[in-house]
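Topology and contacts: notes
Next come the chains, spelled out residue by residue.
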Amino acid sequence: MKKSRKRKSIVDFRASFPDEESAIRYYEKIRWSDGIVSPFDPTSKVYKCKNNRYKCKNTGKYFTYRTGTFFANSKLGMRDWLYAIIMIANRKNAISSYQLADDLDIPQKTAWYMLHRIRTAMAKENNKKLSGEVEIDETFVGGKNGNRHKDKKVPRCQGRSYKDKTPVFGILERGGRIMAVVVPNTQTRTLVSIIKKNVEKGSAVYTDGWSYKGLGKKYEQRSVDHGKHFYGATYVTDDGEIIQVTTNRIENAWSVFKRAIKGTYIHVSKKYLQRYVDEFVFRFNTRKISNFKRIELLLQYAA
């Protein structure tokens, strides 16, 4: 069944973009919806030349649809890039480099390179300021110590220890976006600085009971203490405001993130973990828009 769905996606793509020229025109239409704009001087008049090239009148420089994008120096055709972008944007649980390599009949290393270039564009979705009610939490990425061979087990790595794992800190805006970043540690100083940078002052911050000293003056902190088996409560203020003291939303988001890693990538190195985090954030923040809009947004981020 999976094979037939995969085959259908390839056939549909080839029907929509039968040749390289159709893929180029599609991308140009999205990148320059109001007409071709010079990347060297936006105010300049642009002349169309041969071989999909353009000339900026004011600077005298030539450019193409690739100029200023993450596939500028790639030898792969736009049709291959467009297929990869559509696949990574449409798949609910992402796509592995092995599957992409099989679809495009290219080496796995090339497919891996393509996917990581696309993730650099996705990172633009991971720098938006959050406000209102936000939930914060950390998660730890890495294999379970119990599953390791006895010679590779790491002693005293329970709880919030990250001797054998990589910590990722996230902030979720209720009903809105999420931002997440790989952090060197979970010390209060490290996490509070990230909160102050990414959350508007005056917001209500929901935590899991971990100490976040320094938030009290600029934020309203509300906590649940999982250590005491308190996982949340709902109450109504005298003004009729309904307040839910919980961090369940961001904890659910972490579950989705880890399932994607385990189900699609199996293993993610610490060196490139932030790129996979950026991909997760992009998917989460665009979950309410159509596939077409998500593809269009990612193509715009490419420039």
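Whatever comes next refers back to the structure up there.
Structural notes, computed from the coordinates. (Residues numbered from 1 in each chain as written. Predicted model: local features only at pLDDT ≥ 70, side-chain atom pairs only at ≥ 80, totals over all residues. Heavy atoms only, no water.)

Turning our eyes to something else, we now look at the nonpolar core. One finds Ile118 and Leu298 to be the most contacted residues of the largest nonpolar core, which totals 42 residues. Contributions of two or more residues to this core are made by α2 (20–31), β2 (54–56), α3 (78–90), α4 (97–104), α5 (108–122) and α9 (291–302). For this core, the element with the most residues is α3, which contributes ten residues. Once you skip the residues sitting within four places of it in the chain, Leu298 turns out to touch Ile85, Ile88, Ala89, Ile118, Ala121, Met122 and Phe282. If you look at the next biggest cluster of nonpolar residues, it comprises 19 residues, including Ala94, Ile178, Ala180 and Phe284. (Core = buried A, V, L, I, M, F, W, Y, C linked by side-chain atoms within 4.5 Å. Buried < 20%, exposed > 50% of the residue type's maximum accessible area, 1.4 Å probe, protein only. Helix = DSSP H or I, 4+ residues; strand = E, 2+ residues; numbered from the N terminus. Contact = heavy atoms within 4.5 Å.)

Attention now goes to the pattern of salt bridges. Within the structure shown, the criterion is met by twelve salt bridges. The shortest N-O distance in the salt bridge between Glu28 and Arg25 comes to 2.6 Å. Taken together, the positions of Glu28 and Arg25, both in helix α2 and three residues apart, correspond to about one turn of that helix. The exposure class assigned to Arg25 is partly exposed, which follows from its relative accessible area of 32%. When salt bridges that share partners are traced, they join Glu133, Glu135, Arg174, Glu220, Arg222 and Arg249 into one network. (Salt bridge = Lys/Arg side-chain N within 4 Å of Asp/Glu carboxyl O.)

What follows deals with the packing of aromatic side chains. As enumerated under the stated definition, the model contains 19 aromatic pairs in all. When the centroid spacing of 6.1 Å and the interplanar angle of 70° are considered together, the rings of Trp32 and Phe63 count as edge-to-face. Residue Trp32 is located in the loop between α2 and β1 (46–48), and its partner Phe63 is located in strand β3 (residues 62–63); the two are separated by 31 residues in the primary sequence. With respect to burial, Trp32 and Phe63 carry one shared label: buried. Both rings, one in Trp81 and one in Tyr113, keep their centres 6.4 Å apart while their planes meet at 65°; by these two values the pair is edge-to-face. Taken as a pair, Trp81 in helix α3 and Tyr113 in helix α5 lie far apart in primary sequence, 32 residues in all. Since its relative accessible area comes to 0%, Trp81 is described here as buried. Three or more aromatic residues joined by ring pairs make a cluster, and in this case those are Tyr27, Tyr65, Phe70, Phe71, Trp81 and Tyr113. In this structure, Arg174 is placed above the aromatic ring of Tyr206, and the distance from its NZ or CZ to the ring centre is 3.8 Å. (Phe/Tyr/Trp six-rings, centres within 6.5 Å; stacked < 30°, edge-to-face > 60°. Lys NZ or Arg CZ within 6 Å of the ring centre and 35° of its normal.)

Another aspect to go through is the sheet that holds strand β7 (residues 204–207). One open sheet holds the five strands; their spatial order is β6-β5-β4-β7-β8, and the pairing between them is mixed. Both outer strands of the open sheet, β6 (178–182) and β8 (220–223), are each paired with one neighbouring strand and no more. Neighbour-to-neighbour, the strand axes of the sheet open up by a mean angle of 25°, direction not taken into account. Strand direction decides the pairing type here: strand β5 (residues 166–173) and β6, joined by five bridges, are antiparallel. Paired with Leu172 across the strands is Ile178, a residue of β6. Docked against the sheet, helix α6 (residues 188–198) engages β4 (133–141), β5 and β6, running at close to 30° with respect to β5. Sheet contacts for helix α8 (residues 273–285): β4, β5 and β6; angle to β6, the most-contacted strand, approximately 175°. (Pairing = 2+ DSSP bridges. Axes fitted to C-alpha atoms, helices over the stretch in contact; angles between N-to-C directions.)

So, on to unusual backbone geometry. The residue Asn51 is not glycine, and still its phi comes out positive at about 55°. With a phi close to 60°, Asp105 is a non-glycine residue in the positive phi region. Summarising the element assignment, Asp105 is placed in the loop between α4 and α5.

What follows concerns the sheet that holds β3. Backbone-to-backbone hydrogen bonds join strands into a sheet, with any given pair of strands oriented parallel or antiparallel. An order of β1-β2-β3 is seen for the three strands of this open sheet, with the pairing classed as antiparallel. The sheet is open, and its two borders are formed by β1 and β3, each paired with just one other strand. Pairing between β2 and β3: two bridges, direction antiparallel. Bridging from a neighbouring strand, Tyr54 pairs with Phe63 of β3.

This brings us to the pairing of β7. Burial along β7 is two-sided: Ala204 and Tyr206 facing one way and Val205 and Thr207 facing the other are all buried. Across three bridges, the pairing between β4 and β7 is parallel. Bridge pairing in β7 places Glu135 opposite Tyr206. Pairing of β7 with β8, which is carried by four bridges, proceeds in the parallel orientation. Counterpart to Thr207 in the pairing with β8 is Ser223.

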